[in-house]
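A look at the structure
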Amino acid sequence: MVGYNIEQTNMLSQLTRDSPELEVIAVTGMGGIGKSTFAKKLFSHPSVLSFFDIRGWITVSEDYSYRKMLLGLLKDVNIGKEKDLDKKNDSDLAVCLKQSLMGRRYLIVVDDIWSKNAWDEIRLCLPDDGKRSRVLLTTRDIEVAQYASSLKDSFKMHLLGPDDSWNLFHQKAFAEKGFPIEFEDVGKDVAKNCKGLPLMIAVVAKILSSKRTLEEWRKVAESVSSLADVDAYQQCSGVLALSYNHLPSYLKGCFLYFGLFPKASEISMEKLIRLWIAEGLLKVKGMEGLEEVAASHLNHLIDKSLVIVSKRSMDGKIMKCMIHDLVHDFCLKEADCQNLLYIVNNDIDGPLWVIPEGCRWVSQQSRGFYFHSRFPVLAYSKLRSFSVNSRALILDVERCHFKLLRVLDLEKNEVKNLVLENIQTVSGLIPSCCTKEIFEAIKKVKKLEISGKAEEFHSEMGWLTVPPDFDSDQLPCLINPSPGSFPPNLKKLTLSRTCLPWNCMNIFSKLPNLEVLELKDDAFSGVEWEITEMGFRKLKFLLLEDLYLRYWTAADDYFQCLERVCIKECTLLKEIPEGFADSVTLQLIELHKCRRPLVTFAKQIQEKHEELGNNMLKVYAFDSILQWKKEP
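Keep in mind that what you see is a predicted model, and the values were worked out from it rather than measured.

For any two helices packed against each other, the geometry comes down to the angle between their axes and how far apart the axes lie. Where helix 9 (residues 162-173) meets helix 10 (residues 182-193), the closest approach of the two axes is 9 Å, and the angle between their N-to-C directions is 120°. Taken together, the axes of helix 9 and helix 10 are oblique relative to one another. Helix 9 and helix 10 meet at a crossing whose hand is right-handed. Counted together, Ser165, Trp166, Phe169 and His170 of helix 9 and Glu184, Gly187, Lys188, Val190 and Ala191 of helix 10 form the full contact between these two elements. Considered class by class, the residues forming the contact of helix 9 with helix 10 number 4 nonpolar, 3 polar and 2 charged.

All right, on to the sheet that holds strand 22 (residues 541-545) then. With parallel pairing, 12 strands are arranged side by side in an open sheet as 9-10-11-13-15-16-17-19-22-24-25-26. Taken across any chain shown, the strands that pair with only one partner, and hence form the sheet edges, are strand 9 (341-344) and strand 26 (618-622). The sheet shows a mean angle of 5° between the axes of neighbouring strands, direction not considered. Strand direction decides the pairing type here: strand 11 (residues 385-388) and strand 13 (residues 407-409), joined by 3 bridges, are parallel. What sits directly across from serine 387, in strand 13, is aspartate 409. Relative to strand 26, helix 22 (residues 596-611) is tilted by about 165°, and along the sheet it contacts strand 24 (564-568), strand 25 (588-592) and strand 26.

With that settled, the discussion passes to the side chain of threonine 585. For threonine 585, the position within the fold is in the loop between strand 24 and strand 25. Within the structure, the side chain of threonine 585 is placed 2.6 Å from the backbone oxygen of leucine 562, a separation counted as a polar contact. Apart from residues no more than four positions distant in its own chain, threonine 585 is found in contact with Phe559, Gln560, Cys561, Leu562, Glu563 and Met616.

Attention now goes to the packing of aromatic side chains. Using the criterion set out here, one finds 24 aromatic pairs in the structure. The rings of Phe486, Trp502, Phe508, Phe524, Trp529, Phe536, Trp552, Phe559 and Phe580 are connected pair by pair, giving a single aromatic cluster. Its guanidinium or amino end placed over the ring of phenylalanine 51, arginine 105 lies 4.2 Å from that ring's centre, counting from NZ or CZ.

Attention shifts here to the packing of helix 9 against helix 11 (residues 198-209). Axis separation between helix 9 and helix 11 bottoms out at 8 Å; the angle between their running directions is 35°. Regarding helix 9 and helix 11, the two cross each other, and that crossing is right-handed. Every residue of helix 11 that contacts helix 9 at Ser165, Leu168, Phe169, Lys172 and Ala173 is listed here: Pro198, Ile201, Ala202, Ala205, Lys206, Leu208 and Ser209. Of the residues contributing to the contact of helix 9 with helix 11, the split by class is 8 nonpolar, 2 polar and 2 charged.

Below, the discussion takes up the pattern of salt bridges. Summed over all chains, the structure comprises 14 salt bridges. Arginine 140 is the partner of aspartate 112 in a salt bridge, and the nearest nitrogen-oxygen pair spans 3.9 Å. Placement of the pair is aspartate 112 in strand 3 (residues 106-113) and arginine 140 in the loop between strand 4 (134-139) and helix 8 (142-148), with a sequence separation of 28 residues. By relative accessible area, which is 8% here, aspartate 112 ends up buried. Its salt-bridge partner being aspartate 329, residue lysine 263 comes within 2.7 Å of it at the nearest N-O pair.

Turning next to the state of the cysteines. The tally for this structure, following the rule as stated, stands at 0 disulfides. Not engaged in a disulfide, the cysteine cysteine 570 finds its nearest cysteine sulfur in cysteine 594; these two sulfurs lie 6.0 Å apart.

Here we take up the nonpolar core. By size, the foremost hydrophobic cluster in this structure holds 91 residues, and its most contacted members are Phe169, Phe255, Phe258, Trp276 and Leu298. Ranked by residue count, the leading element in this core is helix 11, at 8 residues. Core analysis: the second largest hydrophobic core is formed by 69 residues, Leu383, Leu405, Ile423 and Leu617 among them.

Conventions and cut-offs
- Position labels on residues start from 1 in each chain and follow its written sequence.
- Two thresholds apply to this predicted model, a pLDDT of at least 70 for residue-level local features and 80 or more for giving and counting side-chain atom pairs, whereas whole-chain, interface and lining totals are computed over all residues.
- The side-chain values count all of the structure's non-hydrogen atoms but skip hydrogen atoms and water molecules.
- Axis definition: a line fit to C-alpha positions, over the contact stretch in the case of helices; interaxial angles, taken between N-to-C directions, run 0 to 180 degrees.
- The way it works is that DSSP assigns letters per residue, a run of H or I at least four long becomes a helix, a run of E at least two long becomes a strand, and they are numbered from the N terminus.
- An angle below 35 degrees is read as roughly parallel, one above 145 as roughly antiparallel, one from 65 to 115 as roughly perpendicular, and any other as oblique.
- Crossing handedness: left-handed means the near helix sits turned counterclockwise from the far one by under a right angle, and right-handed means the same turn made clockwise.
- Whether two residues are in contact is decided by their heavy atoms, any of which lying within 4.5 Å being enough.
- Each residue is assigned to one class: nonpolar for Ala, Val, Leu, Ile, Met, Phe, Trp, Tyr, Cys and Pro, charged for Asp, Glu, Lys and Arg, and polar for all the others, Gly among them.
- Think of it this way: DSSP has to see at least two bridges between two strands before they count as a pair.
- Contacts described as polar in this section are N or O atom pairs within 3.5 Å, which, within protein, must combine one atom able to donate a hydrogen with one able to accept it, while residues neighboring in sequence count only if both atoms come from side chains.
- Stacked, tilted and edge-to-face are the three classes assigned to paired rings of Phe, Tyr and Trp, where Trp is represented by its six-membered ring and a pair needs centres within 6.5 Å; plane angles under 30 degrees give stacked, over 60 edge-to-face, the rest tilted.
- Criterion for a charge above a ring: Arg CZ or Lys NZ at most 6 Å from the ring centre, at most 35 degrees from the ring normal.
- Salt bridges are counted wherever a side-chain nitrogen of Lys or Arg sits within 4 Å of a carboxyl oxygen of Asp or Glu.
- Summary of the burial criterion: residues with accessible area below 20% of their type's maximum are buried, those above 50% are exposed, and those between are partly exposed, where the area comes from a 1.4 Å probe applied to protein chains only.
- When the sulfur atoms of two cysteines come within 2.5 Å, that pair is taken as a disulfide.
- For this analysis, a nonpolar core means a set of buried residues of the types Ala, Val, Leu, Ile, Met, Phe, Trp, Tyr and Cys, connected via side-chain atoms within 4.5 Å.

Structure representation (structure tokens):
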């Protein structure tokens, strides 16, 4: 953040001052001026971290979802699990959020809010109980800021002056690279023509940082200069077009693919890479792996200031990313011009979607109502990716033949009859769709996620809250797998809310190509996983998350290729297989919110490895549980 040191100091003082009542502080300014960056700087400042008990962040944007905002804040304040919240209506979620914040000093950032109505809905959930809580709100609309703010005047972000503009440009363009002094004169002209807008300065500087000749710099400078007389939005669009045109050809498709996601949404890096791979957007050279190439592509886009990192793991790895609203607008416009992407709007298009001939990507993003849809076969002759970012769609594709489709992302929707021979990735498949016919249709799939819906899960269980005499064996099995039924090419399998008995694991262990297995949220029921048969010939990564697992035993050489084990919130588990002590491939055991006996046991396995001269295995434990209440 360049040019706001004094403002940051004043704002920190405002956030942590003695006033006991809830205060709403509004930050205003045009798109691309740095409102969100300024808020993030404050949100993660050490004085803020130490002052507030709870911090939450929601990005509202123009087409906001009230339910999504509530769930996002509840997740941030660590109240309950999403699986327990899914079945609640919006009113119950609002009450839950207000109760969870009551009596605690909180900071909530409401980023990029567009309307007074959105603020009214959020405000009702925020208690004012004299704890010196604060809301930091960012908006482009001065009327919204004045309406929401507790203070007389909102804080208005200013355009950068000449000196700060040059400092930001120099930081981005010349960092760690040596340029002759004559490049600076061109750079100063460019910085001046960006008119103090940080997004423009950063994007243009990153374009120039990869150019090595003065002539290339001058050509870019001329392009920026030609935009000097248009309004700020057109300037940003022009600069983004300039940045896009200077991307290598292999990156352009990866960049435009961000348009498939709703505006202001955080995108899982894992999911993004999976989609890029399935879509065939990556070109591998030599011995590079697809994941490594995808990560390199994403880092390139981040380096060009086109993509923002929104969340990192404890060890600094990128977990989630997003793009600025203005960048999203550009992606949609450019993808539309190239007839690549069609955005379906339920409220406008209704149940009859007319997809442009030759369109490659389709994304349904509005919230709409339940309806059935049928599509002309010809409209899908070149369709490669179909994404549904709404839970309100029942899709009937009985008469559609997706001959070239590579990606079907249905976000836990009901699907009937898929003729999907070329699909390589399926996510959000509900248990009721796990039929012989569906698996036969997707027999070439390599990555599969099966996830029970909350309403299906809880209706089958027959009760809404966990009874005191609960036994995990009471959970109903939502799918009934049989040997040979699952697609044989599977490399990654993710299960959640399927409640399989542990003896079904023998079916999955015989999948010949399985490398990644993720078991989440009652994927299996029962307290004991005893492994007796050989299997999992190629498994490298195993995730166990939120399972009622108490006993886990396995033969010494059962996981022959296992490299990483991650266990999250398995609070009954005290030990892992002793055979891990003899593993020659295991590199990492990662424990999150697990009991201390399990952490101790894992550390002992690490010590046994070290005694044998093997220092490869590392054990990391996060948020260990010191003690647990009564054993169930």
